[in-house]
Amino acid sequence: MKIVFLNGGLANQAFQYLFFRYAELTDSSEEWLLDDSFFFTNEVHNGYELDRVFGVRPRLISEHFDRDVWEYMIGLKKRGKSIPQIFLDNGEEIVKVLEANYSSNWNPFSGEIRILDEADKTNPNIVYLPGNIYYHGYWIDKFWMRELEKLGENLVFPEITDSENLLTLKHIEETNSTSIHIRRGDYADLGLTAENSVIRNMVDLMREKQPDLSLFVFSDDIEWCRNNEESIGFSKCRELFYVSNNSGTDSYRDMQLMSKCKNMILSNSAFCYLAALLNKELKLVLNPNRNRPL
C-alpha cells in the first residue's frame with residue numbers, strides 16, 4: 001500500500017493530487033490512497049476541494065475503511081496519532097518518506113523515516129519504493145503536472161457561468177491582460193509577504209515590457225491593495241482592475257481567471273504558481289521566486 005499525505009488549501013491539494021495521480025497511473029501494481037484525514041481534524045481555507053473544483057475522484061483513505069474503523073482512526077488522530085503511526089502501532093510495517101528535511105506536526109511518526117535527496121524530489125522512480133510507504137510532501141513542482149499531462153490527464157476548471165466573472169473574463173481576453181496575485185492574510189502574519197518596493201519593481205518592469213498592459217489584481221486583501229496602489233506601482237498602469245467578487249468556496253475562480261491572463265507577475269504563493277502552470281495563454285512571466293521555475 002502507498003499513501004500520499006493531503007492537506008492545506010486548493011493549490012496544495014492540487015499539487016499533492018498530481019503527484020498521487022501520476023504515481024497511481026504509473027505503478028498500478030500498488031494500491032494508492034490519498035490521506036484526507038487532515039480535513040477531519042482541521043478547518044483550513046475551504047476544506048477538501050478537489051472534487052468540487054476539478055471534478056476528480058481520487059481514492060481517499062477515508063473511503064477505504066468501514067465507517068466504524070475510520071471513526072476509530074480519526075479518534076486516535078485527534079489524540080495526536082498520525083495515520084502512518086496508527087498503521088505502525090497495529091503491526092503494519094510502513095516507512096515515511098519525506099520530500100524535504102522538515103519536521104511535521106501533521107504526521108508525527110516513530111518508525112523509519114527517509115528524507116529524499118534534492119535530485120529525488122522529481123525522480124519518477126520514487127513511486128516504486130518497495131513495501132508500505134507513506135509519502136509526506138507538497139510536491140510543488142511543474143514536473144509532476146507535466147508528467148501527468150504526458151499521460152493525457154489535466155486539471156480542468158468548471159465553466160464560468162456567472163455574469164460578473166464572465167465580464168472579467170471578457171476584459172482579460174480582449175486586453176493585454178496581466179495578472180498579479182497579492183497574498184496577505186496568513187502570509188502577513190508569518191512575515192512572508194513581499195515588500196512594497198519588490199512589488200513596485202515587478203510592476204514597473206512589466207510596464208516596460210508591456211506598455212499597454214491592463215493589470216488585473218487578485219488578492220485576499222483587495223482593500224490593502226487599493227490603499228497602497230501608489231507605493232506598489234499599480235496607479236501607473238494604463239488600466240487597473242481589482243477582482244474582488246470571488247470569496248469563500250468561489251475563491252478558486254480567481255485562480256481560473258489568472259490562468260487566462262496573457263502575462264503574469266508571480267508571487268511566492270502556491271495558488272499563483274498553480275494558476276501559471278494551468279495558463280495556456282502566457283506570453284510573458286515575471287518570476288521573482290526562482291526556486292519555482294515555470
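Up top is the structure.
Residues numbered from 1 in each chain as written. Predicted model: local features only at pLDDT ≥ 70, side-chain atom pairs only at ≥ 80, totals over all residues. Heavy atoms only, no water.

Q: It is not clear to me how the packing of aromatic side chains should be interpreted in this structure. Could you clarify?
A: What characterises a pair of aromatic rings is the spacing of the ring centres plus the angle enclosed by the ring planes. Summed over all chains, the structure comprises 17 aromatic pairs. On the numbers, 6.5 Å between centres and 10° between planes, the contact of F157 with Y252 is stacked. Residue F157 is located in the loop between helix 6 (142–150) and helix 7 (163–174), and its partner Y252 is located in helix 11 (residues 252–258); the two are separated by 95 residues in the primary sequence. Of the two residues, F157 and Y252, neither departs from the other in class, the shared state being buried. Each member of the aromatic cluster is reached from another via a ring pair, and the members are F19, Y22, W32, Y135, W139, F143 and W144. Positioned over the ring face of W224 is R184, at 4.3 Å from the centre of the ring. (Phe/Tyr/Trp six-rings, centres within 6.5 Å; stacked < 30°, edge-to-face > 60°. Helix = DSSP H or I, 4+ residues; strand = E, 2+ residues; numbered from the N terminus. Buried < 20%, exposed > 50% of the residue type's maximum accessible area, 1.4 Å probe, protein only. Lys NZ or Arg CZ within 6 Å of the ring centre and 35° of its normal.)

Q: Whenever I open this one, the environment of G8 confuses me. Can you help?
A: Structurally, G8 is set in the loop between strand 1 (2–5) and helix 1 (10–26). Looking at G8, the relative accessible area reads 8%, which means it is buried. Apart from the residues within four sequence positions on either side, G8 is in contact with Q13, F38, F39 and H45. (Contact = heavy atoms within 4.5 Å.)

Q: Before we go on, may I ask you to explain the sheet that holds strand 4 (residues 113–115) in this structure?
A: Paired through backbone hydrogen bonds, the strands of a sheet run either parallel or antiparallel to each other. If you trace the five strands from one edge of the open sheet to the other, you get 2-1-5-3-4, paired in parallel fashion. Only two strands of the sheet have a single neighbouring strand rather than two, namely strand 2 (32–35) and strand 4. For this sheet, the mean inter-axis angle between neighbouring strands, taken without regard to orientation, is 25°. Of the strand pairs in this sheet, strand 3 (residues 95–98) and strand 5 (residues 133–136) are connected by four bridges, and their pairing is parallel. Bridge assignment links L98 to a residue of strand 5, and that residue is H136. (Pairing = 2+ DSSP bridges. Axes fitted to C-alpha atoms, helices over the stretch in contact; angles between N-to-C directions.)

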